[in-house]
Amino acid sequence: MRDVAAYWQNWIDGGWVDGGAGRISVTDPGTGAPLAEQALADVADVDRAVAAARACHESGALSDLRPVERGRMVQAMGRYLLDHISEIARLLTLEQGKPLWEAEIEVRGAARYFEYYGNQAETVEGRSVPLGAGYFDFTTHEPYGVSAQIIPWNYPLEMTARSLSAALATGNACVIKTPELTPLTNAFIARAAEAAGLPKGAVNVLCGLGAEAGAALSAHPGVNQIVFTGSVPTGIAIATAAAKNVVPCVLELGGKSAAIVHDDADLDAFLSDVRWGIFYNAGQVCSAMSRVIASERIHDELVDRIAGLAASLKVGPGIDQPEFGPTMGAMVSEAQRDRAEGMVRAAEAEGATVVTGGRKLNRPGAFLEPTVLQVTPDMAIARNEVFGPVLSVLKFRSDEEAIAIANATDYGLVGGVFTRDLDRATRAARKLRAGQVFVNEWYAGGVETPFGGYGKSGYGREKGREALWNYVQTKNIAIRLR
Ligand code: NAD
C-alpha cells in the first residue's frame, strides 16, 4: 500500500462523505496491486452535490464577491497544491502510472491554472452600447450558476484545475465528477478549496461510475453548464443529455494529431519533440503527436532516429523515476494497455511495419513498449486514436499531400509543421484543420493560449482568455432615460 490512506471519501457541501454506491478499488498500474479504496457516489449523492452547489450560487456567497476576492481564493488553491507537491505527485504516480517527475510537472501545471485564472477574475468586463441620448445601455457577464465537470484519468489533477479555476474565477459553483481509475489526487482539490476559504458548496468533488453518477450529473436539471474531457462516444452521450436540458457544453474529445516534417527541418530538435509528443504520459495525451508525416527525402533517416529514441527509453514503475530523464511509466490500466496493443496487432495485420516496440513488458503492471510503426494513410491506425505510446509514421511527396494526410481524420485538435521556411509553415498553419498549430515546437504555448478542437475533437475552448466565455452568459441592460 506504500503508506497511502486505505480509504478516500467524497467532498460534498463542505464535508467528507461516504458514497451511496459503496466503494471502488483503485489499482497501482505500476504493479497491478490494489492501492486504496474510493467512495463511490450514487444518484442521490449527485443530487446532494448539485443542491449544495445551487444553494451556494443562489446565496451569492461566491458570485456576489468582488472579483479580486474570488481571484485571490482561486490563486490560493494553486499555492496549496504547490505546498503539498511531493505528497500529491507521489499519489498521482501511484494511481496513474506516470513517472514521478512527470507527476510533479502535472501538479505545477494544475497550480498554474489557478494562478492564471485567479488573475483573470478581474478582467471579465462588459461594454456600453451607444443607443442615442434617450438610453443608457450596457452588458454584464454573469456566471451560469452550477458547472458540472466530468474529468478523465490521464491528467486527473490538471484537467480538474483547468475547468475549475476558470469556473470559480467567474463565480460558478462546481460539481466535479472524478475518473474511476484515478480519483484519489482530486481529494487535494477539495482540501485546497477548503484551505483557500471558498464558501461551502462552491466546490464538490465526487467519484462515481460514468454510466451512473456521470450520466446523472450530465442529465441533472439543476446543472447549468457542463465541461467534459474524454472519449467521443461519452462526449456524444453527455452533449445529448445536455441538449435535453438546453445546457451548453465544452467538449474536448481527443485527437489523432500530426506533425508534418519537411526536409529542411532541424531533425535534432525534432527528436526532442517526438520524445515529449508521443512518449510523455505514455502517449495518453489528447494532443499527443500520434502521427509524423515525413518528407520522402528524410523519411528513412527520421524513422531510424525515432526508433533509436523510442528504444532508448527506460520503461518501469513511475515511482522509481524521481528525476527527469529518458524514462516512461505504466499506462493507466491493463485494459487501456491491452486496447493499445490490440490496435498495434490490427495495424500489423493491415500491413503496417512495427519498427520498434509493440509488445507488453513481461512483468506485472500496465506496461507497453514505446512503439513506432510505419503506416500508410489507408490504414485504420492512421485515423484512429490509440491513446498510448504508439507513433505512426507516414511519408509525403508534396506539401499538398502532407496537408491532405494530416487532415484525413475526423479529429482536429492540434497539428504541427517543422521547417525553416516561414512561408511554407504559414501556409500549412492556415490549411491544417485543427484548433491549435505548433510551428517548430510541439506543445509550444501554455495556459495562456486557447486550446480546443475542430471536428470530432469537440467544441468550445479551454485555456487562455477564450475559456472564460464558457462560464459566463451575457446580459444586456437597457435603461430608458426620461
Ligand atoms: P471516457 O470518456 O468513457 O471517460 C471519461 C470520463 O467520463 C470518466 O470520468 C467517466 O466516468 C465519465 N463517463 C463515462 N461514461 C459516462 C456517461 N455516460 N455520462 C457521463 N460521464 C461518463 O473515457 P475512458 O473509457 O476512460 O477512455 C476511453 C478512451 O477515451 C481512451 O482510450 C481515449 O481514447 C479517450 N480518452 C481521451 C481523453 C482526452 O484527454 N481526450 C482522456 C481520457 C480518455
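Calculation rules
Residues numbered from 1 in each chain as written. Predicted model: local features only at pLDDT ≥ 70, side-chain atom pairs only at ≥ 80, totals over all residues. Heavy atoms only, no water. 1 Å grid on protein atoms, 1.4 Å probe; cavity = no way out; pocket = protein on both sides within 12 Å on 5 of 7 lines; lining within 4 Å. Points joined across faces, edges and corners; volume = space filled by probe spheres on them. Helix = DSSP H or I, 4+ residues; strand = E, 2+ residues; numbered from the N terminus. Near = heavy atom within 4 Å. Polar contact = N/O pair within 3.5 Å; in protein donor to acceptor, adjacent residues only side chain to side chain. Areas by Shrake-Rupley, 256 points an atom, 1.4 Å probe, with all protein chains shown as cover. Nonpolar A, V, L, I, M, F, W, Y, C, P; charged D, E, K, R; others polar. Domains from an automatic or database assignment. UniProt positions renumbered as here; feature names shortened; annotations may be inferred. Buried < 20%, exposed > 50% of the residue type's maximum accessible area, 1.4 Å probe, protein only. Contact = heavy atoms within 4.5 Å. Core = buried A, V, L, I, M, F, W, Y, C linked by side-chain atoms within 4.5 Å.

Colleague: For this particular structure, what's the right way to read empty space enclosed by the protein?
Modeller: All told, the structure shown has five cavities of 30 Å³ or more when counted by the stated rule. Its boundaries defined by the atoms lining it, the largest cavity holds a volume of some 100 Å³. Along the wall of the largest cavity there are 15 residues; nearest its centre are Ala-258, Arg-291, Ala-406, Val-414 and Arg-433. Of all elements in the fold, only strand S12 (257-261) and strand S19 (414-418) reach the threshold of two or more residues within the lining of the largest cavity.

Colleague: Explain the site of the ligand to me, please; I cannot follow it from the model alone.
Modeller: Lining the immediate environment of the ligand, one finds 26 residues, of which Ile-151, Trp-153, Lys-177, Glu-180 and Ser-231 sit closest. Contact between the ligand and Trp-153: an oxygen atom at 2.5 Å from a side-chain N or O atom of the residue. A distance of 3.1 Å is found between an oxygen atom of the ligand and a side-chain nitrogen or oxygen belonging to Arg-339. Relative to its free-state accessible area of 810 Å², the ligand is covered by the protein chains to the extent of 85%. Elements supplying a minimum of two residues to the shell around the ligand: helix H7 (210-218), strand S10 (225-229), helix H8 (232-244) and helix H11 (334-349). Tallying contributions element by element places H7 first for the shell around the ligand, with four residues. Classifying every residue of the shell around the ligand by side-chain character gives 11 nonpolar, 10 polar and five charged. When residues are assigned to domains, the shell around the ligand turns out to be shared by domain 1 (7-252) and domain 2 (257-446), each giving three or more.

Colleague: What exactly am I supposed to notice about the UniProt feature "domain: Aldehyde dehydrogenase" (unreviewed entry) in the protein chain here?
Modeller: Using the residue numbers shown here, the UniProt feature "domain: Aldehyde dehydrogenase" (unreviewed entry) corresponds to residues 16-477. For the annotated span residues 16-477, helix accounts for 37% and strand for 21% of the residues, and the straight-line distance between the end C-alpha atoms is 41 Å.

Colleague: It is not clear to me how the UniProt feature "active site" (unreviewed entry) in the protein chain should be interpreted in this structure. Could you clarify?
Modeller: When the UniProt feature table is mapped to this numbering, "active site" (unreviewed entry) covers Glu-252. The topology assignment puts Glu-252 in strand S11 (residues 249-252). Note on Glu-252: relative accessible area 2%, which makes it buried. Beyond its immediate sequence surroundings of up to four residues, Glu-252 is in contact with Arg-162, Phe-228, Thr-229, Gly-230, Cys-286, Leu-413, Phe-451 and Ser-457.

Colleague: Teacher, can you tell me more about the environment of Lys-431 here?
Modeller: Looking at the secondary structure, you find Lys-431 in helix H13 (residues 422-431). In this structure the C-alpha to C-alpha distance between Lys-431 and Ile-403, which are 28 residues apart in sequence, comes to 7.0 Å. The residues touching Lys-431, leaving out its near neighbours within four places in the chain, are Ile-403 and Asn-407.

Colleague: Quick question: what am I supposed to make of the nonpolar core here?
Modeller: Soluble, globular proteins show a tendency: their nonpolar side chains are buried together. Within the largest apolar cluster, 153 residues are counted, with the highest numbers of intra-cluster contacts made by Met-77, Leu-81, Phe-270 and Val-292. Ranked by residue count, the leading element in this core is helix H4 (residues 100-120), at nine residues. Lining this core are residues from two domains, each supplying at least three of them: domain 1 (7-252) and domain 2 (257-446). Beyond its immediate sequence surroundings of up to four residues, Phe-270 is in contact with Ala-259, Val-261, Met-289, Val-292, Leu-302, Ile-306 and Phe-418.

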